[in-house]
Amino acid sequence: MNRNQAHTAFAIALVFLFAACAGGPRSPAAPAPMNALRASADETGIPVLTWHGFADTLSARGGNLTSTYAAFEEMLGFLRDNGFRSVFPEEVRPGDDRRRLVVLTFDDGPRDHLRAAALLDRFGFRGIFFVIPNRIAEGGPRHLSADEVRRLAAGGHRVSAHGFEHRSLGSSVRELAGTVARSCEIIAAQTDAAAAAADFAFPFGHYTPEVAEAVRGRFRFLHTVDPGYWDGRSTLVPRFLVMNDIDPAFFREYVLGGAGNLPVWEPLFASGSTGDTLAFLSHGTPLPSNAELLAISPDAQGRSYASHPLGDNARMRGDTVIVDMAGHLRRWFPPERVAVSYALITRQGGRIRYLTPGLLHWVRDPSQPAP
């Protein structure tokens, strides 16, 4: 065992020690096996949307994750007019008509989420508000207080943990220990234990297979920022980040595109891993000539949600698709990029069709210091 492996093993052991001291990990429902990601003809993927901050008008300081209230209200009207119903993940049942289900989530817990919640109420929707537990415990003028968290929960919304101090779980042992030992309890003190343990969102969308395994000992559904549709079963929940520099029509098309749009290729690796070469079991679906990699992470030109052709970086070997991920990243992404949230897609009639689930790829081991 090398130094890095020993460090990771120690971190995971430390996390479970903290969890035991905090009352022991909960026992969530068993996650879906990998081959449950395959779509059958009558299955529909469930869209999951994520907002961050809100403002009346946009400014350069707000970044591309700030939405205007007017744009948010327009999206809620679109969802209502198209017959969508918001759900919490555990409410999805086998046999449900999923064509008009949507999960609405909100990250970071700024106080402007109170006004967003009021708009949800007006349109008849419920949201999952992922707050930073340490900021609730310590208080502060910019983030939701304990009283405001209780008000959201009393209004029928869900309040859930977004890490502990909002550090990357890919590299921070302190964040991981705080998440497992304290986050759920801080949220449960303001809401209730069952709701607090239902959902969790990774800060920055960062996780590794080891981190995901540790965190799902405390939470049932783990929300990522990997693109795609949720299959209604898997522990890892993909989400689309709503950005103000992306045409709103893109997100409307995503919401409407879930019918039959579940991935057909099965990753032969765990999401959140590193590796130069990736393999997918195709289950008889051949490699299309127009296969692309769609990434939420900005490409070399700074564009989020850009898709680039796999070209000669992908090939078939029997029933396995082999992707030269290192070669693709060198071609299309900046050298400083350390992680990419992506899905492999193709296009049919101008519509995106997902070949794989949303995944996270680390360009280098996040626990290693930067070169």
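As the structure is a computational prediction, the values presented were derived from the model and not from experiment.

**Digging into the pairing of strand β21 (residues 359–362)**
Every second residue of β21 is oriented toward a common face, with Leu-359 and His-361 on one face and Leu-360 and Trp-362 on the other, all of them buried. Here 2 bridges tie strand β13 (residues 273–274) to β21, and the two strands are oriented parallel to one another. Within β21, the position partnered with Ser-273 by the bridge is His-361.

**Things to note about helix α9 (residues 248–256)**
Restricting attention to buried positions, one finds in α9 the residues Ala-249, Phe-250, Phe-251, Tyr-254 and Val-255. Its buried side turned inward, α9 meets β1 (48–51), α2 (69–81), β11 (240–241) and β20 (351–354). At the N-terminal end of α9, a side-chain oxygen is found 3.0 Å from the backbone nitrogen of Ala-249, two or three residues along, and the residue is Asp-247.

**Digging into the side chain of Thr-346**
Structurally, Thr-346 is set in strand β19 (residues 339–348). Take Thr-346: its relative accessible area is 6%, and that puts it in the buried class. One polar contact links Thr-346 to Asn-290, side chain to side chain, over a distance of 2.6 Å. Those residues within four positions of Thr-346 in sequence are excluded, and the remaining contacts are Pro-288, Asn-290, Arg-351, Ile-352, Arg-353 and Leu-355.

**Notes on the confidence of the model for the protein**
Confidence in the prediction for the protein averages 89 pLDDT; 87% of positions are at 70 or higher. In this model residues 17–42 is a low-confidence stretch, pLDDT under 50, and it forms 41 contacts with partners more than four residues away in sequence or in other chains.

**A look at helix α6 (residues 173–188)**
One turn of an α-helix holds 3.6 residues; hence residues three or four places apart share an orientation. Relative to the 22 Å expected for 16 residues at 1.5 Å per residue, α6 spans 23 Å between its end C-alpha atoms, a close match to the ideal helical length. At Thr-179, α6 shows its maximal kink, close to 45°. Regarding α6, the residues found buried are Glu-175, Leu-176, Ala-177, Gly-178, Thr-179, Val-180, Ala-181, Ser-183, Cys-184, Ile-186 and Ile-187.

**Quick notes on unusual backbone geometry**
Its identity is not glycine, yet His-166 carries a phi of approximately 65°, on the positive side. His-166 sits in the buried class, given a relative accessible area of 16%. One non-glycine residue with positive phi stands out, namely Phe-204, at about 65°. Secondary-structure assignment places Phe-204 in the loop between β8 (199–201) and α8 (209–215).

**Quick word on the packing of aromatic side chains**
By the definition in use, this model includes 22 aromatic pairs. A ring pair is formed by Phe-54 and Phe-72, whose centres lie 4.9 Å apart and whose planes are at 55°; its orientation type is tilted. Taken as a pair, Phe-54 in strand β2 (residues 53–55) and Phe-72 in helix α2 lie far apart in primary sequence, 18 residues in all. In terms of burial, Phe-54 and Phe-72 fall into one category: buried. Ring plane angle 35° and centroid distance 4.9 Å describe the contact between Phe-200 and Phe-219, whose orientation is recorded as tilted. Taken together, the residues Phe-200 in strand β8 and Phe-219 in the loop between α8 and β9 (221–223) connect sequence positions 19 residues apart. In this structure an aromatic cluster arises from ring pairing among Tyr-229, Phe-240, Phe-250, Phe-251, Tyr-254, Tyr-305 and Tyr-354. Between the NZ or CZ atom of Arg-115 and the centre of the ring of Tyr-69, over which it lies, the distance is 3.8 Å. Sitting over the ring of Phe-88, Arg-158 keeps its end group 4.3 Å from the ring centre.

**Thoughts on the pattern of salt bridges**
Applying the stated rule across the entire model yields 17 salt bridges. Arg-239 is the salt-bridge partner of Asp-107, the closest N and O atoms lying 2.9 Å from each other. One end of the pair, Asp-107, is in strand β5 (residues 101–107); the other, Arg-239, is in the loop between β10 (236–237) and β11, and 132 residues separate them in sequence. Judged on exposure class, the residue Asp-107 and its partner Arg-239 are both buried. A salt bridge links Glu-185 to Arg-218, with the nearest nitrogen and oxygen atoms 2.0 Å apart. Taken together, the residues span a long stretch of sequence, with Glu-185 in helix α6 and Arg-218 in the loop between α8 and β9 at a distance of 33 residues.

**Focus: the side chain of Thr-356**
Summarising the element assignment, Thr-356 is placed in the loop between β20 and β21. Of note is the side chain of Thr-356, whose polar atom sits 3.0 Å from the backbone nitrogen of Leu-344. Residue contacts for Thr-356: discarding those within four places in its chain leaves Pro-263, Trp-265, Phe-280, Ala-343 and Leu-344.

Quick notes on the rules
- Residues numbered from 1 in each chain as written.
- Predicted model: local features only at pLDDT ≥ 70, side-chain atom pairs only at ≥ 80, totals over all residues.
- Heavy atoms only, no water.
- Buried < 20%, exposed > 50% of the residue type's maximum accessible area, 1.4 Å probe, protein only.
- Helix = DSSP H or I, 4+ residues; strand = E, 2+ residues; numbered from the N terminus.
- Pairing = 2+ DSSP bridges.
- Contact = heavy atoms within 4.5 Å.
- Polar contact = N/O pair within 3.5 Å; in protein donor to acceptor, adjacent residues only side chain to side chain.
- pLDDT = per-residue confidence, 0-100.
- Expected span 1.5 Å × (residues − 1).
- Bend = angle between axes of the 7 residues up to and from the residue.
- Phe/Tyr/Trp six-rings, centres within 6.5 Å; stacked < 30°, edge-to-face > 60°.
- Lys NZ or Arg CZ within 6 Å of the ring centre and 35° of its normal.
- Salt bridge = Lys/Arg side-chain N within 4 Å of Asp/Glu carboxyl O.

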